[in-house]
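Structural overview for review
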Amino acid sequence: MKIDSHQHFWKYNPVKDAWINEEMEVIRKDFLPADLKPLLFENQFAGCVAVQADQSEEETRFLLDLSKENDFIKGVVGWVDLRAENIEAHLNEYSKYEKLKGFRHIVQAEADIDFMLQESFQNGISKLVKYNFTYDILIFPKHLENAAKLVAKFPEQKFVIDHLAKPDFKNKEFTEWEKGIRAIAKFQNVMCKISGLVTEADWNNWNETDFIYCLDVITEVFGIDRLMFGSDWPVCLLAASYSESCDITEYYFSKFPKADQDKFWSSNAIQFYQLE
């Protein structure tokens, strides 16, 4: 049975979720566990990791509440202000929640390209390992150089890059991305989620071959032990159904040995997030 290492839930609010613009009409509504559960079952998934989509501690509590009510939510990646002076007190409190596995910040939306290099942010990152929390890196290719500086500074911290760091599938411009991803993959404390592929492609005109070049690079530089699958549901619905998102990676990894497929679909995520 497989694990979906990256999906979201929300109760749609036009103010809080202003990033969901008119172009994204299909996801301008609530997406809750009852909507995802049958999709997981149909695609042979045993469970999922719910990842924050809003930068608030209210969001973290919302996801934790959902995880208490739904056993198939195996873990939560929440949000906390890593720049807060009292960050350690927050982390100590959050360490009481068994299903809270780590945190994420939407760095890709920060105006300051050096956001990850801020002393206050790095102070927060430095505290995570004490409480065995992971950190999800959400960035664009232009941020990879600074991301490499971050992970180099904290070799004991477990990091995972979301969505391959969003290569430009739409325009097939991979030069900056490939240089950055090859550099950051040298750090053994970094994993990568193969997720969010279709949302960076032409939503209405993509096919499985669009992703092969970047998937080849990712599997080469990270190796099968540092890759995991994520659907990015419901955001993936902008361009593909849940099953279609799975099919892209099913198609690609079908040529891999069964043991390697099991790592990608299941055991790597279980180990990284310490899922039950």
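It should be emphasised that the depicted structure is a prediction, and the values quoted were computed from it without experimental measurement.

As a further point, take helix α9 (residues 258-273). In a regular helix each residue adds 1.5 Å, so 16 residues correspond to 22 Å; α9 covers 22 Å between its end C-alpha atoms and thus fits that length. The largest bend in α9 comes to about 50°, at Phe 264. Along α9, the positions that sit buried rather than exposed are Asp 260, Gln 261, Phe 264, Trp 265, Ser 266, Asn 268, Ala 269, Phe 272 and Tyr 273. Positioned one or two residues after α9, Gln 274 has a phi angle of 50°, which is positive.

Between helix α3 (residues 87-94) and helix α4 (residues 119-128), whose axes approach to 10 Å, the crossing angle comes to 35°. Of the two elements, α3 crosses α4, and the hand of that crossing is right-handed. Contact residues: Ile 87, Glu 88 and Leu 91 in α3; Asn 123, Gly 124, Lys 127 and Leu 128 in α4. Its residues assigned to classes, the contact of α3 with α4 comprises 3 nonpolar, 2 polar and 2 charged.

Residue Pro 234 is bonded to the preceding Trp 233 through a cis peptide linkage, with omega at 0°. Phi is positive for His 163, close to 60°, though the residue is something other than glycine. Here His 163 lies in the loop between β6 (159-161) and α6 (175-184).

Tallying each qualifying case throughout the model produces 17 salt bridges. Close ionic contact of Asp 65 with Lys 68 constitutes a salt bridge, the shortest N to O distance being 3.7 Å. With Asp 65 and Lys 68 both in helix α2 (residues 57-69) and 3 residues apart, the pair spans about one turn of that helix. Its relative accessible area of 39% is what places Asp 65 among the partly exposed residues. Where Lys 166 meets Glu 200, a salt bridge forms, and the shortest distance between an N and an O atom there is 3.8 Å. Of the two residues, Lys 166 sits in the loop between β6 and α6 while Glu 200 sits in the loop between β7 (190-194) and α7 (212-222), which places them 34 residues apart along the sequence. Salt bridges here are not isolated pairs; linked through shared partners, they connect Arg 104, Asp 136, Asp 162 and Lys 193.

Within the structure shown, the criterion is met by 26 aromatic pairs. Among the aromatic residues, those joined into a cluster by ring pairs are Phe 45, Phe 229, Tyr 242, Tyr 252, Phe 253, Phe 256, Phe 264 and Trp 265. Its end group placed over the ring of Phe 272, Lys 158 keeps NZ or CZ at 5.2 Å from the ring centre. The cationic tip of Lys 255 hangs over the ring face of Tyr 252; the distance from NZ or CZ to the ring centre is 3.7 Å.

What follows covers the sheet that holds strand β8 (residues 227-229). Read across the open sheet, the 8 strands follow the order β1-β2-β3-β4-β5-β6-β7-β8; overall the sheet is parallel. Edge positions in the sheet fall to β1 (2-7) and β8, since each has one partner strand and no second. Direction aside, neighbouring strands of the sheet carry axes that sit 25° apart on average. In this fold α2 packs onto β2 (45-51), β3 (73-78) and β4 (100-105), with an angle of close to 175° to the strand it touches most, β3.

With that settled, the discussion passes to the state of the cysteines. Here is the idea: a disulfide is a covalent bond, and it sits between the sulfur atoms of two cysteines. All chains considered together, the criterion is met by 0 disulfides. We note that Cys 192 lacks a disulfide partner, and the nearest cysteine sulfur, in Cys 214, lies 10 Å from it. Classification of Cys 192 as buried rests on a relative accessible area of 0%. Between Cys 236, a cysteine without a disulfide, and Cys 246, which holds the nearest cysteine sulfur, the sulfur-to-sulfur distance is 8.1 Å. Relative accessible area serves as the criterion here: at 1%, Cys 236 is assigned to the buried category.

Grouped together as the largest cluster of nonpolar side chains are 83 residues, with contacts concentrated most on Leu 164, Trp 177, Ile 181 and Phe 222. Considering every element that reaches this core, the biggest residue donor is α7, with 6 residues. With residues up to four places along the chain from it excluded, the contact list for Ile 181 reads Leu 144, Ile 161, Leu 164, Ala 165, Val 217, Ile 218, Val 221 and Phe 222. Core analysis: the next-biggest nonpolar cluster, separate from the first, contains 11 residues, Ile 3, Val 51, Val 77 and Val 160 among them.

How each quantity is defined
- Residues numbered from 1 in each chain as written.
- Predicted model: local features only at pLDDT ≥ 70, side-chain atom pairs only at ≥ 80, totals over all residues.
- Heavy atoms only, no water.
- Helix = DSSP H or I, 4+ residues; strand = E, 2+ residues; numbered from the N terminus.
- Expected span 1.5 Å × (residues − 1).
- Bend = angle between axes of the 7 residues up to and from the residue.
- Buried < 20%, exposed > 50% of the residue type's maximum accessible area, 1.4 Å probe, protein only.
- Axes fitted to C-alpha atoms, helices over the stretch in contact; angles between N-to-C directions.
- Left-handed = near helix turned anticlockwise from the far one by under 90°.
- Contact = heavy atoms within 4.5 Å.
- Nonpolar A, V, L, I, M, F, W, Y, C, P; charged D, E, K, R; others polar.
- Salt bridge = Lys/Arg side-chain N within 4 Å of Asp/Glu carboxyl O.
- Phe/Tyr/Trp six-rings, centres within 6.5 Å; stacked < 30°, edge-to-face > 60°.
- Lys NZ or Arg CZ within 6 Å of the ring centre and 35° of its normal.
- Pairing = 2+ DSSP bridges.
- Disulfide = S-S within 2.5 Å.
- Core = buried A, V, L, I, M, F, W, Y, C linked by side-chain atoms within 4.5 Å.

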